[in-house]
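The lines below spell out each chain.
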Amino acid sequence: MIEFTQAIARPPGATFSQGLSTAGLGPPDLALASTQHAAYCDALRACGLAVTVLDADAGFADAPFVEDTAVLAERVTIVTRPGAPSRRGEVDSIRDCLRGLRGELAEIRAPGTVDGGDVCQAGSHFFIGLSARTNADGAAQFGAIVRAAGYTASTIDVRGSAKLLHLKSGIAYLGDGRLLAVRDLPRTAELARFEIVEVDARESYAANCVRVNDRVLVAAGYPRTADLLVARGYSPLLLEVSEFRKLDGGLSCLSLRF
Ligand code: CIR
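Residues numbered from 1 in each chain as written. Predicted model: local features only at pLDDT ≥ 70, side-chain atom pairs only at ≥ 80, totals over all residues. Heavy atoms only, no water.

Just give me the short version of the overall build of the chain, but keep the residues and values in it.
Along its length, the chain carries five helices and 15 strands. By the burial criterion, 56% of the 258 residues in the chain qualify as buried. The contacts in the chain between residues at least 6 apart in sequence include a share of 69% that link residues at least 24 apart. On the chain, roughly 10,300 Å² of surface is accessible, and the fraction owed to carbon and sulfur atoms is 51%. One finds the centroid of the 27 positive side-chain charges in the chain at a distance of 3 Å from the centroid of its 30 negative side-chain charges. (Helix = DSSP H or I, 4+ residues; strand = E, 2+ residues; numbered from the N terminus. Buried < 20%, exposed > 50% of the residue type's maximum accessible area, 1.4 Å probe, protein only. Contact = heavy atoms within 4.5 Å. Areas by Shrake-Rupley, 256 points an atom, 1.4 Å probe, with all protein chains shown as cover. Lys, Arg positive; Asp, Glu negative; His and termini not counted. Charge placed at Lys NZ, Arg CZ, Asp CG, Glu CD.)

Structure below.
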């Protein structure tokens, strides 16, 4: 498993409650979201990461979901082209930040679209979700970039049975050749090479967990998932993310880790 030393995060801004949502859980509370975001950054620090906290950006309600704007791997850094038109401009400040921290950047170009939430790195393999946000052109560009850097890549269509916003809404790489996943995820041949730990159907939101060094960040309130992880020797770190869930966001989307 990659040892992370740094993360990038961005707190919610004044317009946060206007972010895109299909959750039907009502608008998020900005003050509570800010408190939850601060605790999330503290959790990353507790895992040993230095956290670059960008300025809040009220120009983009969904800007705290920084994971969708870039994909950072050991040998490549890719600035995405988010599928939601209202989110495209979020990449500008991320690109500036990454230039300073990472050097050479690859970019997804029109007509391709990729949301970082659709990219799950599992060792040297990248699973790329085909979703309402990531199109075939974007997935093909992404695959070509990572293959040129020596990785392998394959796609998983999450528009059908899985009905996920993003691939990583339903899957997380735990390390050790093991994935945590929702039951309805299409079982591609590449997925079958990994051990899959299935999340209880009542806790599908908790599939979006994040292995960070020797801890696994898990949404609070999903005890069966926490137990599954403990039973396999992981150390869950529970975090309240209710206000981000109201905008279809999970734990992984709140940071870029490298
Ligand atoms: C959106 O719909 O784009 C945001 N409201 C939520 C994005 C969540 N991102 C993620 O799961 N990677």
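That was the structure; now back to the text.
Tell me about the packing of aromatic side chains, and please be specific about residues and values.
Counted under the stated rule, the structure contains eight aromatic pairs. Residues Phe-127 and Phe-194 carry aromatic rings whose centres are separated by 5.6 Å and whose planes lie at 65 degrees to one another, so their mutual orientation is edge-to-face. One end of the pair, Phe-127, is in strand β7 (residues 125–130); the other, Phe-194, is in the loop between β10 (178–181) and β11 (195–198), with 67 residues separating them in the sequence. Just as Phe-127 is buried, Phe-194 falls in that class too. Aromatic side chains Tyr-205 and Tyr-222 sit 5.7 Å apart centroid to centroid with 40 degrees between the ring planes, which places their arrangement in the tilted category. With a gap of 17 residues between them, Tyr-205 in the loop between β11 and β12 (210–212) and Tyr-222 in the loop between β13 (215–219) and α4 (223–231) connect regions that are remote in the sequence. Under the relative-accessibility criterion, Tyr-205 is labelled buried at 16%. In this structure an aromatic cluster arises from ring pairing among Phe-16, Phe-65 and Phe-244. Directly above the aromatic system of Tyr-151 lies the positively charged group of Arg-75, at a separation of 4.1 Å from the ring centroid. Directly above the ring of Tyr-205 sits Arg-245, whose terminal nitrogen or CZ lies 4.6 Å from the centroid. (Phe/Tyr/Trp six-rings, centres within 6.5 Å; stacked < 30°, edge-to-face > 60°. Lys NZ or Arg CZ within 6 Å of the ring centre and 35° of its normal.)

Go over the sheet that holds β11 with me, naming the residues and quoting the values.
With mixed pairing, the three strands of this open sheet are ordered in space as β9-β10-β11. The open sheet has two edge strands, β9 (171–175) and β11, and neither has a second partner. Strand-to-strand, the axes of this sheet are offset by a mean angle of 30 degrees, without reference to chain direction. Of the pairings in the sheet, the one linking β10 to β11 comprises four bridges and is parallel in character. Its bridge partner lying in β11, Leu-180 is registered against Val-197. (Pairing = 2+ DSSP bridges. Axes fitted to C-alpha atoms, helices over the stretch in contact; angles between N-to-C directions.)

I'd like a rundown of the site of the ligand, residues and numbers included.
Looking at the ligand, there are 13 residues lining it, with Leu-20, Asp-62, Arg-87, Arg-133 and Leu-247 nearest. Between a nitrogen atom of the ligand and a side-chain N or O atom of Asp-68, the distance comes to 2.8 Å. Here a nitrogen atom of the ligand and a backbone polar atom of Leu-247 are 2.7 Å apart. Protein coverage of the free-state accessible area of the ligand, which is 350 Å², stands at 98%. By residue class, the composition of the shell around the ligand is four nonpolar, three polar and six charged. (Near = heavy atom within 4 Å. Polar contact = N/O pair within 3.5 Å; in protein donor to acceptor, adjacent residues only side chain to side chain. Nonpolar A, V, L, I, M, F, W, Y, C, P; charged D, E, K, R; others polar.)

Please provide a residue-by-residue account of the nonpolar core, values included.
Core analysis: the biggest nonpolar cluster contains 28 residues, and Leu-44, Val-212, Leu-217 and Leu-251 have the highest contact counts within it. Breaking this core down by element, the ones donating at least two residues are β1 (6–9), α1 (30–46), β12, β13 and β14 (236–239). Grouped together as the second largest cluster of nonpolar side chains are 26 residues, Ala-172, Leu-185, Leu-191 and Val-216 included. (Core = buried A, V, L, I, M, F, W, Y, C linked by side-chain atoms within 4.5 Å.)

How would you sum up the side chain of His-125? Please name residues and give values.
Its location among the elements puts His-125 in strand β7. Among the polar contacts listed, one links the side chain of His-125 to the side chain of Thr-152, at a separation of 2.7 Å. Discounting chain neighbours no more than four positions away, the residues touching His-125 are Cys-120, Thr-152, Ala-153, Ser-154 and Glu-190.

Summarise the sheet that holds β14; cite the residues concerned and give the values.
Strand order across the open sheet formed by three strands is β12-β13-β14, with mixed pairing between neighbours. The sheet is open, and its two edges are formed by β12 and β14, each paired on a single side. Strand-to-strand twist of the sheet, defined as the mean angle between neighbouring strand axes without regard to direction, takes the value 30 degrees. Contacts from α1 reach β12, β13 and β14 within the one sheet, and its direction differs from that of β14 by about 165 degrees. Most of the contacts of α4 go to β14, to which it runs at about 160 degrees, and overall it touches β13 and β14.

Please give an account of the environment of Leu-228 that cites residues and values.
Checked against the element boundaries, Leu-228 lands in helix α4. Classification of Leu-228 as partly exposed rests on a relative accessible area of 22%. Once you skip the residues sitting within four places of it in the chain, Leu-228 turns out to touch Leu-180, Val-197, Glu-198 and Val-199.

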